[in-house]
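Structural characterization, general
Each chain is listed here by its residues.
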Amino acid sequence: MLVVRGTKPLESEQLPKILLKVRPTLAQIADRLAAPTPEGLELYLDHRDLACDDYLQPLLSLVEPARRLPGFTLIVEGPMRSLDGNYFDLTQDSLANQILLDRLVVFAEAVGAVAANIHATNPGFDPDLTLAPVRENALARAVPPLQRFARRCQDAGLIPLIENNPPVGRLRFETYSVTSIGVEADDLLHLSQAISGLNVTCDLSHAQLYVNCLSQQLDDLPAEIRPAIERYRQRASVSSLAGYIGALADIIYSFHISNASGVLGEGLPYDQGDLDLDREIKPWLARVACLVTETIEEDHDRAIHMREAQSRLVALRARHTERNR
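Residues numbered from 1 in each chain as written. Predicted model: local features only at pLDDT ≥ 70, side-chain atom pairs only at ≥ 80, totals over all residues. Heavy atoms only, no water.

Here's the deal with empty space enclosed by the protein
For the record, the criterion: Two kinds of site are reported from a 1 Å grid over the protein atoms alone, namely cavities, where a 1.4 Å probe fits but cannot get out, and pockets, open sets with protein on both sides within 12 Å along at least five of seven lines, and residues are called lining when an atom falls within 4 Å of a point. Grid points are joined across faces, edges and corners, and a volume is the space filled by probe spheres set on the points. Counting from the N terminus, the helices are DSSP H or I runs at least four residues long and the strands are E runs at least two residues long. Basically, the charged four are Asp, Glu, Lys and Arg, the nonpolar ten are Ala, Val, Leu, Ile, Met, Phe, Trp, Tyr, Cys and Pro, and anything else, Gly included, counts as polar.
Counted under the stated rule, the structure contains 1 cavity of 30 Å³ or more. Its volume calculated, the largest cavity comes out at about 90 Å³. Every element with two or more residues in the lining of the largest cavity is listed here: α3 (95-111) and α4 (132-155). In terms of residue class, the lining of the largest cavity is made up of 6 nonpolar, 3 polar and 5 charged.

Spelled out as structure tokens, the structure:
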């Protein structure tokens, strides 16, 4: 049974709600609420959504159709960029980051969300960010701002969540990025142990990309990311997706659902990639609160692949229920 620290534990037979990812725009909200209507939404905010001092009322107006639905679940996710335009870095306790996280929590409370989710990340373009001493220093620097975020969430009645990152990202054009923290399961465990009540959103695509990098032929990878991949291999404590999830079992609140391929192919459709998502999700159906479809869409205003994932998850959950009657 999942114990969300500081909150009511989930009942052992309570099955997860199925949510769609959405940015709060008129077009995307309308698309995601169309039939078959999901059981909730995870509201991804762009930094521009929080940039103005009068940000709150326009956002609430956009989300009002979802707020009116009975029993509807909302989660709020923080932006990739901070209010100063730089990529969000949890290790930087800057004024821009403080205001960003405060506004994120204010909006999440006002909209009636159950949780607020941010990435445990300090992204950059230098492979040496993954050196062990740099990683240890980054984990230490992440604790104070994360403590403040978690406390603000809990004071607002929200569950604070951190999310794992892929081992390699692409933040700007075709340039590869890495992060000191948030890729390895041990990082999320360390932060959750340091901060009371902190739970995890486990992104299955990101986790599988990490697992893949542990066995991928280095010659097949771009030269600039090989040093980071070698360091992940040297200190790997898990070797499979099941092992990655299992390491975080007691602190996972939600899964982000999409497939993955190789080291760079993230956010793929449900049945296109290295993962058998039915097999990986099935053991956890009575242990997490939410399954959030997060496939990458060609048109963000039309959730084609997310709807496919929604259908597959509904069927998977129904089969689980039938077997356990």
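A look at the packing of helix α2 (residues 56-67) against α3
Where we set the bar: Throughout, an axis means a line fitted to C-alpha atoms (over the contacting stretch in the case of helices), and angles, computed between N-to-C directions, take values from 0 to 180 degrees. The sense of a crossing depends on the near helix, which, turned anticlockwise from the far helix by less than a right angle, makes the crossing left-handed and, turned clockwise, makes it right-handed. Note on contacts: a residue pair is in contact if any heavy atoms of the two residues lie within 4.5 Å.
Interhelical geometry of α2 versus α3 gives an angle of 35° and a closest axis separation of 10 Å. Where α2 crosses over α3, the handedness of that crossing is right-handed. Where α2 approaches α3, its residues Leu56, Leu59, Leu60, Val63 and Arg67 are matched on the opposing element by Val106, Phe107, Ala110 and Val111. Of the residues contributing to the contact of α2 with α3, the split by class is 8 nonpolar, no polar and 1 charged.

Let's talk about the packing of aromatic side chains
Spelled out, the test is: Two rings from Phe, Tyr or Trp (for Trp, the six-membered ring) form a pair when their centres are within 6.5 Å of each other. A pair whose planes differ by under 30 degrees is stacked, one over 60 is edge-to-face, and the rest are tilted. Between buried and exposed lies partly exposed: a residue is buried under 20% and exposed over 50% of the maximum accessible area for its type, with that area taken using a 1.4 Å probe on protein chains only.
Within this structure, the stated rule accounts for 2 aromatic pairs. Considering the side-chain rings of Tyr210 and Tyr232, the 5.9 Å spacing of their centres and the 85° angle between planes classify their relative orientation as edge-to-face. Placement of the pair is Tyr210 in helix α6 (residues 204-213) and Tyr232 in helix α7 (residues 226-234), with a sequence separation of 22 residues. Taking the relative accessible area as the measure of exposure, Tyr210 reaches 2% and is therefore buried.

Quick word on the nonpolar core
As a reminder of what qualifies: For our purposes a nonpolar core is just a set of buried Ala, Val, Leu, Ile, Met, Phe, Trp, Tyr and Cys residues, chained together by side-chain atoms within 4.5 Å.
Within the largest apolar cluster, 87 residues are counted, with the highest numbers of intra-cluster contacts made by Leu41, Leu43, Phe107, Phe255 and Ile281. Among the elements that make up this core, the one with the highest residue count is α4 (8 residues). Residues within four places of Phe255 in sequence aside, it is in contact with Cys202, Leu204, Ile245, Trp284, Val288, Cys290, Leu291 and Val292. Formed by 9 residues, the second largest nonpolar core is a distinct cluster that contains Leu19, Ala115, Tyr253 and Cys290.

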